[in-house]
Structures are given as structure tokens and as C-alpha cells.
Amino acid sequence: MLPGRVEFEGSILPGIFLRSRFSQIVLLVVALLAFLPVVAVDHVIDGYVMARETTALQTTVDAITHDSQLTVHEGIQSLRRILANSPSLCAATFVDNFNSELQSNPFLRQVIVQNSDGVQYCSAFGHAVQYRVLSENLTIPGHTETLSVVAIDGIETPLLKITQAFGRERTVSALVLASPMLMRNDVPLLGQISYLQVALTSGSSILLRGDERIGQGAVRDDYIFARSFAGEIPLKAEAGVSFSQVRSGYSPLDIGFTVAACFMGGLILVLAIQYARKADIVAFDLERAIIAGEMKPYYQPVINLRTGKLIGCEVLIRWVKKNGEVIPPGVFIDYAEMSGLAIPMTLSLMEQVRYDLEDICREVPDFKVSINLFEGHFRDGSIVEDIQSVFEGSGISYRQLVFEITERRPLDDRNAANRVMTAMHKLGVRIAMDDAGTGHSNLAYLQTLGIDIIKIDKIFVEMIRDANQPVPVVDALISMAKDLDIDIIAEGVETQEQALYLRSKNVVFAQGYLFAPPLKLSSFLVLASALRPSSRESNLEPGLAA
Ligand code: C2E
Ligand code: CA
Ligand code: CA
């Protein structure tokens, strides 16, 4: 290590390089996003199970109503055939016809002939049939028959009673099984069903199994529920299955998906980090670059337009990567400010400036070094101590230092800014308003802030096309600064005409590509030794020589 060089990985900086909160947040968000698939697995499988099982249950209740509808239709057909082929009711032919229908319709249980008051004349098996009526009589749309529910001795489940009027006095009813597939127990999901009801659309129950509260909606959130209407007959079926019960059947899927999601999350994380590194996402690298000493000062000469000699320089930061690539400040400066890294970055820069320029500053007492600050420096206040810690007792005296604050961003806390500027003035450093004319503040306000120098922005200098053609905006800026006794430096001077025009308006100091771009130290020192005024020449106007 060179003598006097500040060791960035050593003594001064580590305490200051607290990890920036912003990059921690970015990393945290990426990590969270990467593991979102893992967290979402349960939710996704829940949704999948819910959709799949709801469809399955709907298919089941649809099958039940379809089955009932078929049974009723076949019952109607049987009843119609018996009536069509029996010249008189309750005669032998009637019983024969019933018996032959029994062969073809396994759901038919009984046929009863009775009068409108319910007094039975006969039944298919000869004797009177004992049954209880469990519902009202509902019409079957598009049919002359009606439908009701009855319970008959000796048969466990209620039957459907299909009734046809016969003449004015009599009715003939066929009793059929309500939902034969349920008797066969071959309904899918039946073993898991917590609630099942088959009922007339009026609500009269034909069959009820399980917890009735599910059908009433009381505990439905925990259940998958489905309902189906027969459509052609006034009958419906509904069912509920416990979600947790069916969900437990999917646990192998849980394991498989979780493993896949972990893999995917890890992959996203790795790809994101790789992408961030490849794309040079500043957030991931700036802190490391500062600590590794990759942030380097470049120096742009400031020239006396009258003598053509060097009066000082502006320090402009560059990110010089290990592979030699040079990144301009526009890429990272906003992030540095936002993340709070601007403060340690400026400190690191000042350390290097001290080391780089101590000799020239000792040799040329009028040499001025201009360093850019951030708006945050004027809120934070620690810049005053940082200036002292770097330059106190160094070969660069306070009166050789200028600190620039840009007018592009307003100073939010003017009181704090005033306190910081007062403390800086007490040290003997001076303050320049950078990019003057581009921001919001007027020059009178600059005076109250104690601004010593304004730097006329290059957008105004660009307006000068001809050394003899007046540019009123530039003239107004210059005359206001002179009225307020503020020094002027013109920025972005690229042509001879601009230099001549400015000189004719008594603007003495300028920087720009006409003279030199920002240079790395070695090139700057070569140029400086060529353009340096001799020790007897004073280069400065009375104001800047302060
Ligand atoms: P700035 O402070 O206004 O610096 C002048 C910019 O104009 C520099 O751009 C410089 O390279 C460029 N420039 C100089 N002469 C000419 C010219 O004749 N024509 C044109 N077109 N441009 C010229 P750079 O170095 O890219 O810096 C851009 C900005 O980044 C600076 O604008 C300043 O606001 C900021 N910056 C650079 N270094 C630092 C730093 O160390 N601290 C802070 N706070 N800001 C910095
Ligand atoms: Ca500047
Ligand atoms: Ca500027």
C-alpha cells in the first residue's frame, strides 16, 4: 500500500459501511418472491381439490336426480300401460298386467286403485295397502300424473307415488322406488358424503342422511356442497362432503408439489441473483464497489478564460471496475442518494482526493478543488465532521475547497441546510450552487443561503452559438450573480465562441470539453503541470482568491 493512501478495507470506513437498508429490502423482496411458490403450494392444492371435488360431487347429485327422474318416467309408462291394457280395474287382467310390468320395471312396487277420499278399491296384490302420506301432491310438468311421497309398511325408504285420475271418482297410483341407485350403494363419493338429501322441490324430504345443518348452510364453509334439480320432475338432490376429509386424500400431492416448489423457488433465486450480477444492478454491487475502492475521482480542469491557465478542478466520480470498465455517475448516483450510500461514497472520494491532490495544492496555493455533495449531506450534517476528519492538517487547506450543491433538487429542510452551510463557512470552505438556473430557487434565495459561487449550467452555455450574438438568459444570470457579488463558473463550454462570449461578459472561469473532459488522475496531473500558472502569477479574480 502506498504511503498516506487511505485503506478502505482497514481503519476508517468499515464502521460507516453499514449495509444499506434499500439493498437489504431488495434482497428480502427477491427472496420472498422466490419462495412464494412454496408458500402458495397449500393454497393452490386447496383450490385444485375444491374445484375437482365440487365437480365430482355435482356429478354425483346430478346422477341421483337423473336416476330418480328415469324411475318416475318408467313408473308413468308402467302405469299408463296397465291402465291401457286393463278394461276394468281390480279385475284379473289388471293384476296380470301389473305382474307383467313388474318383469320389466324392477322399481315398481305396488299399484293402488282408490277413490278421491283415499278409500281403496283394490291393489295389485289384492289386499289393502297401509301407507302414510308424507307430502303434498305435486303436478309433473307436461304430464297428467301427479307426484307425492309415501311411506309403506315393510319398505324402509319412502316411495314415490305417481297418481293418474281414472274417471271422475277414481285414481290409480303406482308406487316406485325413489332413487334406486342409492339402494345399490354404487354412488361415487357415497362413502365420504356427510350430508345427502333427496326431496321434492316443495321441500318434502324423501331421503335424508347425515348432518342436516349442512343443507341449511349453517356449517357450509367447511364443506363442499352441490345441488341438482331433476328438471322434468319436481325433485331435487343435494349433498355435502367435508373438505378436510377429501383434502387428506391428496397428501401425496402436497409432498410432490412442495418439493417442486422448493426447487422452483431456489431456481428463481439463483437466476435473479445471477441476472442482478450480470445486469450490473447497482443495488447489489454499489456497497461492495465502495468498500473495494472501485469508486474513483476523475478531475475536470477549471480554466481561467483570460490567462488560459488552470485554476482548479471539479471532482467527478467514476465507477472503475476491476475489468477496467468505467461506469459514469448517471448509472448509480440516484441509487447512492436513495440508499444513503452517498455519505460514505463522498467520504471515500474525499479521502482519495486528499491523497491525489495534496501535492498540487501545496505547490499552488490558489488551486481550487470542487467536490459535489448530495442533498442528503445538508440534512445529515455529518459532512462537516467528514470534511474536518479528511482535510484537517492535510496539504489541502479549507480555503482551497469548494463544495457544490445542485439546484436541480430543492433543499427540503432549509433550516438544517443553513446550519450545515454556516458550519462549513466557519471552516473556511466555500459553497457553489451547481446547475444554476435549472432549479426552482431564485438568486436572492441563493444569497440568503450564503452561496459563494454559481455554476452556470451547460444548457445555458449551449445557447451561445456566436461570440457576438447576445443570449439574454445567460446575460441575465451573469448580471444577477454580479449584483449579488457571487462568483461565476461556466460549465459545459465546448466551443471557442462560447468561451469568447463568456469572457466578453466578464465570466472568467470555465470548464468543458473545449479544455478537457474529466480525466483520471495521471492524465490530469500531466495537463495540470502544463497549464499551471507560475508561482508568481495569480490566476484568480479577487473573489475566488479569497
Ligand atoms: P455536474 O456536477 O453538473 O457535472 C458536470 C457534468 O458535465 C459531468 O458529467 C461532466 O463530465 C459533464 N461535462 C463537463 N464538461 C462538459 C461539456 O463540455 N459538455 C458536456 N456535454 N458535458 C460536460 P458526469 O461526470 O457524467 O457527472 C454527471 C453528474 O453526476 C454531475 O453533474 C453531478 O451532478 C453528478 N456527480 C458526479 N460526480 C459526483 C460526486 O462525486 N458527487 C455528487 N454528489 N454528484 C456527482
Ligand atoms: Ca458539479
Ligand atoms: Ca453542473
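Predicted model only: the values in this text are computed from it and were never measured.

Participant: Is there a simple way to think about the overall build of the protein chain in this case?
Facilitator: Regarding its fold elements, the protein chain presents 18 helices and 20 strands. Across the 546 residues that make up the protein chain, the buried fraction comes to 49%. Put simply, of all contacts in the protein chain between residues at least 6 apart along the chain, 65% involve residues at least 24 apart. Summed over all atoms, the accessible surface of the protein chain reaches about 26,100 Å², with 56% contributed by carbon and sulfur.

Participant: Explain the site of ligand 1 here, please?
Facilitator: Close contacts around ligand 1 come from 21 residues, with Gln300, Arg318, Asp434, Glu494 and Tyr513 the closest. Contact distances for ligand 1 include 2.9 Å between a nitrogen atom and a side-chain N or O atom of Gln300. For ligand 1, the protein covers 82% of the area, taking 790 Å² as the surface of the free molecule. Taken together, the elements giving at least two residues each to the shell around ligand 1 come down to β13 (310–320) and β17 (430–436). Sorting elements by how many residues they give to the shell around ligand 1 places β13 first, with four residues. In terms of residue class, the shell around ligand 1 is built from 10 nonpolar, four polar and seven charged.

Participant: Mind showing me how you'd approach the coordination of the calcium ion (ligand 3) here?
Facilitator: Around a metal, the ideal angle is 109.5 degrees if four donors adopt a tetrahedral arrangement and 90 or 180 degrees if six donors adopt an octahedral arrangement. The protein atoms that coordinate the calcium ion (ligand 3) are Asp434 (OD), Asp435 (OD), Glu491 (OE) and Glu491 (OE), at distances spanning 2.2 to 2.4 Å. A distance of 4.2 Å spans the gap from the calcium ion (ligand 3) to the calcium ion (ligand 2), which Asp434 bridges by coordinating each metal. Note that Asp434 is positioned in strand β17 and Glu491 in the loop between β19 (487–490) and α17 (496–504), a separation of 57 residues in sequence. Assigned by exposure class, Asp434 and Glu491 land together as buried.

Participant: Explain the packing of helix α2 (residues 36–85) against helix α3 (residues 92–104) to me, please; I cannot follow it from the model alone.
Facilitator: When two helices pack together, their arrangement is captured by the angle between the axes and the distance separating the axes. Contact pair α2 / α3: the axes reach a minimum separation of 9 Å and the direction vectors enclose 150°. Between α2 and α3, the crossing angle belongs to the class labelled roughly antiparallel. Like other packed secondary-structure pairs, α2 and α3 cross with a definite hand, here right-handed. Only Phe94, Asn97, Phe98 and Glu101 of α3 make contact with α2, whose side of the interface consists of Ser78, Arg81, Ile82 and Asn85.

Participant: What is the right way to look at the sheet that holds strand β10 (residues 223–229) in this model?
Facilitator: The strands that make up a sheet are held in pairs by hydrogen bonds between backbone atoms, and each pair lies either parallel or antiparallel. Ordered in space as β9-β8-β11-β10, the four strands form an open sheet in which the pairing is antiparallel. In this open sheet, the two strands that pair with only one neighbour each are β9 (205–210) and β10. For this sheet, the mean inter-axis angle between neighbouring strands, taken without regard to orientation, is 10°. Pairing geometry for strand β8 (residues 193–200) and β9, over five bridges, is antiparallel. Its bridge partner being in β9, Tyr195 is matched across the sheet by Gly210. Relative to β10, α2 is tilted by about 30°, and along the sheet it contacts β8, β10 and β11 (235–242).

Participant: Explain the state of the cysteines to me, please; I cannot follow it from the model alone.
Facilitator: Throughout this description, disulfide means a covalent bond between two cysteine sulfur atoms. In total, this model carries one disulfide according to the counting rule given. Residue Cys90 pairs covalently with Cys122 via a disulfide, S to S 1.9 Å. Torsion about the S-S bond of the Cys90 and Cys122 cystine: about -85°, corresponding to left-handed handedness. Taken together, the positions of Cys90 in the loop between α2 and α3 and Cys122 in strand β2 (residues 120–123) put the pair 32 residues apart, joining distant regions of the chain. According to the relative accessible area criterion, Cys90 is partly exposed, its value standing at 35%. The structure places no disulfide on Cys313, whose sulfur is separated from the nearest cysteine sulfur, that of Cys361, by 7.4 Å.

Participant: Where do I start with the nonpolar core in this structure?
Facilitator: Across soluble globular proteins, nonpolar side chains have a tendency to be buried as a group. Core analysis: the biggest nonpolar cluster contains 80 residues, and Leu357, Ile387, Met424 and Ile454 have the highest contact counts within it. The dominant element in this core, judged by the number of residues it contributes, is helix α10 (residues 342–363), at nine residues. Apart from the residues lying within four places of it in its own chain, the contact partners of Met424 are Leu373, Phe378, Ile383, Val384, Ile387, Phe403, Val429 and Ile431. Ranked by size, the runner-up nonpolar core spans 50 residues in total, among them Ile76, Ile206, Val246 and Tyr250.

Participant: Looking at this structure, I do not really get the pairing of strand β1 (residues 108–115). What am I missing?
Facilitator: The side chains of a regular strand alternate between both faces of the sheet. Summarising burial for β1: seven of the eight residues are buried, a large majority. By the bridge criterion, seven bridges tie β1 to strand β7 (residues 170–177) in an arrangement that is antiparallel. Bridge assignment links Gln110 to a residue of β7, and that residue is Leu175. Across three bridges, the pairing between β1 and β2 is antiparallel. Across the sheet, Val113 pairs through a bridge with Cys122, a residue of β2. The turn linking β1 back onto β2 is made up of four residues, and Gly118 within it adopts a positive phi angle of 95°.

Participant: I tried to follow a nonpolar patch on the surface on my own but got confused; where do I start?
Facilitator: Judged by side-chain polarity, Val29, Leu33 and Leu36 come together as a nonpolar surface patch covering roughly 270 Å² of accessible area. Structurally, Val29 is set in helix α1 (residues 21–34).

Criteria and thresholds
Residues numbered from 1 in each chain as written. Chains lettered and ligands numbered in written order. Predicted model: local features only at pLDDT ≥ 70, side-chain atom pairs only at ≥ 80, totals over all residues. Heavy atoms only, no water. Helix = DSSP H or I, 4+ residues; strand = E, 2+ residues; numbered from the N terminus. Buried < 20%, exposed > 50% of the residue type's maximum accessible area, 1.4 Å probe, protein only. Contact = heavy atoms within 4.5 Å. Areas by Shrake-Rupley, 256 points an atom, 1.4 Å probe, with all protein chains shown as cover. Near = heavy atom within 4 Å. Polar contact = N/O pair within 3.5 Å; in protein donor to acceptor, adjacent residues only side chain to side chain. Nonpolar A, V, L, I, M, F, W, Y, C, P; charged D, E, K, R; others polar. Donors = N, O, S within 2.8 Å, 3.2 Å for Na, K, Ca; no water. Axes fitted to C-alpha atoms, helices over the stretch in contact; angles between N-to-C directions. Parallel < 35°, antiparallel > 145°, perpendicular 65-115°, else oblique. Left-handed = near helix turned anticlockwise from the far one by under 90°. Pairing = 2+ DSSP bridges. Disulfide = S-S within 2.5 Å. Core = buried A, V, L, I, M, F, W, Y, C linked by side-chain atoms within 4.5 Å. Patch = residues over 30% accessible without salt bridge, like charges linked within 9 Å, V, L, I, M, F, W, Y side chains within 5 Å. Salt bridge = Lys/Arg side-chain N within 4 Å of Asp/Glu carboxyl O.

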